[in-house]
Amino acid sequence: MQQHPTPRVPARTTAPLYRRGRHRSALVAALLATALLTTAAHAPVVRADAPAASPEAADCPSVLAGKARCYTGRDAQGAHYAIAVPTRWNGSLVVHAHGGPDLGEASDPARSTGDLERWAVMVKEGYAWAGSSYRRGGYGTRMAAADTESVRRVFVDRFGRTGRTYLHGQSWGGNVAAKVAETYGRKPGAYDGVLLTNGVLGGGSRGYDHRVDLRVVYQYYCGNHPRPTEPRYPLWQGLRPDSTMTTAGLRSRLRECTGFDADPAARTPLQQRNLDDILAVTGIPERALESHLRFATFTFRDIVSTRLGGRNPFSNQGVRYAGSHDDRALNAGVERFAADPAARRDLSFDSDLTGSISLPVLTLHAIDDPTAFVEHESAYRATLRGAGRAHLLVQSFTRESEHSGLSDAEYATSLAALDRWARTGHPPTPRSLAAACPAVDRAYGAGCFYDPAFTPAPYASRVLPRPGGRHWPAMTAGQERAWSRIDGVGIAP
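To start, this report covers the structure provided alongside it.

Quick look at the sheet that holds strand β4 (residues 93–97) now. In space, the 9 strands of this open sheet follow the order β1-β2-β3-β5-β4-β6-β7-β8-β9, with mixed pairing throughout. This sheet does not close on itself; its edge strands, each paired only once, are β1 (56–58) and β9 (393–398). When strand polarity is set aside, the average angle formed by the axes of neighbouring strands in this sheet is 20°. The pairing of β4 with strand β5 (residues 128–132) spans 4 bridges and is classified as parallel. Note on β5: the bridge partner recorded for L93 is A128. Contacts from helix α2 (residues 109–118) reach β2 (68–74), β3 (80–86), β4 and β5 within the one sheet, and its direction differs from that of β3 by about 25°. Relative to strand β6 (residues 165–170), helix α5 (residues 172–184) is tilted by about 145°, and along the sheet it contacts β4, β6 and β7 (193–197).

Listed below in structure tokens is the structure:
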């Protein structure tokens, strides 16, 4: 195997204010965190002594040719991972948590290498990069958090300690990275800051309510998922466990009902009315309708049937739907259901955030993100405010309209600002980020689209709240501690 000499790691500067006092109680916090997690059978913990094969040298993505040495491997839990070390390494590391969740039982080695290519900007900026494909597909935020922590340990075992270590999470990976920060971030020297981009930050118990609404509203108008001639099942299942429906089959039914991918002039009057009503009631952008319905079909089936043993974590009781051509008929005819309390608890324990962080967190979110609505940022701010940690959060917003990727110049600007914050204790501001970006963009030509004046509306303004669902955190630290004492709580790894 090609050997890579470990560069000299820059010495840490004096700990900034937000880390003072953390070290005095670090041992106690680490012991408490370990006890908390090990008592929960469904909250996986990465063992410090878990055997794992050493990373093997691999080809870098073409965008990093000559700029880094790359490695791949598989950790002790079976999760594939990818690592890159720049030829001009600044001594610090970015640990990436990918989005999804991807479905399927096996860890996909292509996922981590694809993510490395996608966020090669971080390696170009001088940071080493490590990302896990997670040990399996399917839902499991704590599992993904444990595998993210695992790849950090793999990196340190192979290349030694780093100057600074930052978490980056995109999309559902934002939920995962935030969970890593809460679960493992109190260990001294593990992580120094968190960057969350277009993150799903409302957690599992509330973050998918708009897709619950889509699933029932779609069926009310379309009546083809399932069809009257097919076996019936409660819509909270997403899809019956033994169904052989494919994504192409779902697309065909959506097209049949709404003509969503046809020229408007080619739609029938009924298709246009169905489409107008579904979009108006759910608030889902037309261009993202299919992807949201896929999630409310296939990922819901994974959550309910595979991860929760057929129990229902979702509810639409008490929700009044509005915006259609006949709201009274819609509310009288739409399918209603209440969540199984234990199933909702398990989903909450797995994926909701308590806001109990001790690290600086910088977020970057496209204002017109069609997948993870920008109002997720309001939910996260309310979560941290409820936990008394809002001073550790800086949020920034851009006039972009894509979910899966933002401007490379903005990623680079955000990472530099987070690094400066961790080193000095001085947080950036939305205006300072916007002012710094053009100089960074000279190297990328990707554009800078910051809107420093933007403030997102409350989460409940975009996603219809369930009774009692307006208060944050969705799961308090006290609830997390209490639930962790219940045998088998959460979602199995």
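So, on to the packing of helix α6 (residues 209–222) against helix α8 (residues 269–282). Running from N to C, α6 and α8 point in directions that differ by 155°, and their axes come no closer than 10 Å. One finds that α6 runs roughly antiparallel with respect to α8. In terms of crossing hand, the pair formed by α6 and α8 is right-handed. Each of D213, L214, V217, Y218, Y221 and C222 in α6 lies in contact with α8, whose residues at this interface are N274, D277, I278, V281 and T282. Across the contact of α6 with α8, the residue classes break down as 7 nonpolar, 2 polar and 2 charged.

Moving on, we come to the packing of aromatic side chains. In total, this model carries 14 aromatic pairs according to the counting rule given. Seen in terms of ring centroids, W119 and Y411 are 6.3 Å apart; in terms of plane orientation they differ by 85°. Their pairing is edge-to-face. One end of the pair, W119, is in the loop between α2 and α3 (120–124); the other, Y411, is in helix α13 (residues 408–424), and 292 residues separate them in sequence. Assessed through its relative accessible area of 2%, W119 is described here as buried. Of the residues examined, Y411 reaches a relative accessible area of 2% and is grouped as buried.

Definitions and limits used
- Residues numbered from 1 in each chain as written.
- Predicted model: local features only at pLDDT ≥ 70, side-chain atom pairs only at ≥ 80, totals over all residues.
- Heavy atoms only, no water.
- Pairing = 2+ DSSP bridges.
- Helix = DSSP H or I, 4+ residues; strand = E, 2+ residues; numbered from the N terminus.
- Axes fitted to C-alpha atoms, helices over the stretch in contact; angles between N-to-C directions.
- Contact = heavy atoms within 4.5 Å.
- Parallel < 35°, antiparallel > 145°, perpendicular 65-115°, else oblique.
- Left-handed = near helix turned anticlockwise from the far one by under 90°.
- Nonpolar A, V, L, I, M, F, W, Y, C, P; charged D, E, K, R; others polar.
- Phe/Tyr/Trp six-rings, centres within 6.5 Å; stacked < 30°, edge-to-face > 60°.
- Buried < 20%, exposed > 50% of the residue type's maximum accessible area, 1.4 Å probe, protein only.

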